[in-house]
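Architecture at a glance
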Amino acid sequence: MKRVLFISFALLLVVTFSSTAQESASKTSALYPSFGIGIGFFYPSDVNDYIDADLSSYVTVNEDMYMYLEVKGGLTYRLKKVDFSGMLEFDVGPKVTTGDETFTYFFTRVAPEIGANFYISNRTGKNAFFIGGAVSYAFMKFEEFSASAPGFKAQVGYSMQFGKFNMQPYVAFRYNKATDDLDFGSFDLDYTGGQIGLIFSFHPGILYK
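In what follows, the accompanying structure is described. Fair warning: this is a prediction, and the values are worked out from it, not measured in the lab.

Each value, and the rule that gives it
- Residues numbered from 1 in each chain as written.
- Predicted model: local features only at pLDDT ≥ 70, side-chain atom pairs only at ≥ 80, totals over all residues.
- Heavy atoms only, no water.
- Helix = DSSP H or I, 4+ residues; strand = E, 2+ residues; numbered from the N terminus.
- Salt bridge = Lys/Arg side-chain N within 4 Å of Asp/Glu carboxyl O.
- Buried < 20%, exposed > 50% of the residue type's maximum accessible area, 1.4 Å probe, protein only.
- Patch = residues over 30% accessible without salt bridge, like charges linked within 9 Å, V, L, I, M, F, W, Y side chains within 5 Å.
- Areas by Shrake-Rupley, 256 points an atom, 1.4 Å probe, with all protein chains shown as cover.
- Pairing = 2+ DSSP bridges.

A few words now on unusual backbone geometry. One non-glycine residue, Glu 143, lies in positive phi territory at about 50°. With respect to the element layout, Glu 143 can be found in the loop between strand E6 (128-142) and strand E7 (145-162).

This is the structure:
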């Protein structure tokens, strides 16, 4: 009886190990949802000129808009050394002035984006540096002004895997500028500038080499 139990237990271990090894060996790709948050730094000249003119009759401080917040989500298809993503980004540049009175402004951007990253693995293959880029088409709005235009982004970062949790801090440069043509001239909506952010996802671990 003991011999039968021992043989059964041994067979169970072999089957379990074989199944696990086969699963690990087959995990060279995955499709999963990704999410991101970020902070961007820019100087939209026409937006800031509008705010300055709008507040010219008031005593205020800190009038210029220079920072925006971003959230995004989408799907990523990951291979060993490269991934491809489709994301929807939402950005808002808020400006709250202080002084005799308080005024609030919002400069928004909504953009579908397609991007890719190439990974340079560390020695173990678990983590990796990455360099990538993306193209987008943005719809931007500020007060009564709105316009849309294509844009691009270049980024570098570091990808870290903790079991099934993946975290990717990055720095990026974005170019995205659109012009609202008016009867009396034009108004530029400009989201060009630098950005720092974090992308995170949950998926089976895949070595980068």
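With that out of the way, let us pick up the pattern of salt bridges. Scanning the model with the defined rule gives ten salt bridges in all. One salt bridge in this structure joins Glu 70 and Arg 174, with 2.8 Å as the shortest N-O distance. Of this pair, Glu 70 sits in strand E3 (residues 67-78) while Arg 174 is found in strand E8 (residues 165-182), placing the two residues 104 residues apart along the sequence. Judged by relative accessible area, which is 2%, Arg 174 ranks as buried.

Another point: a nonpolar patch on the surface. A cluster of nonpolar side chains, Ile 39, Phe 41, Tyr 66, Met 67, Leu 69, Phe 118, Ile 120, Phe 129, Ile 131, Val 156, Val 171 and Ile 196, forms an exposed patch at the surface whose accessible area comes to about 1,100 Å². Elements with a contribution of two residues or more to the nonpolar patch: strand E1 (30-42), E3, strand E5 (103-121) and E6. For Ile 120, the location among the structural elements is in strand E5.

On to the pairing of E7, then. Examined bridge by bridge, E6 and E7 share 15 bridges and lie antiparallel to one another. Counterpart to Ile 131 in the pairing with E7 is Val 156. Turn length for the E6-E7 hairpin, with the two strands adjacent in sequence and antiparallel, is two residues, and the turn residue Glu 143 shows positive phi of about 50°. Pairing of E7 with E8, which is carried by ten bridges, proceeds in the antiparallel orientation. By the bridge assignment for E8, Phe 162 is matched with Phe 165. Hairpin connection from E7 to E8: two residues lie between these consecutive antiparallel strands, with Gly 163 at a positive phi of about 65°.

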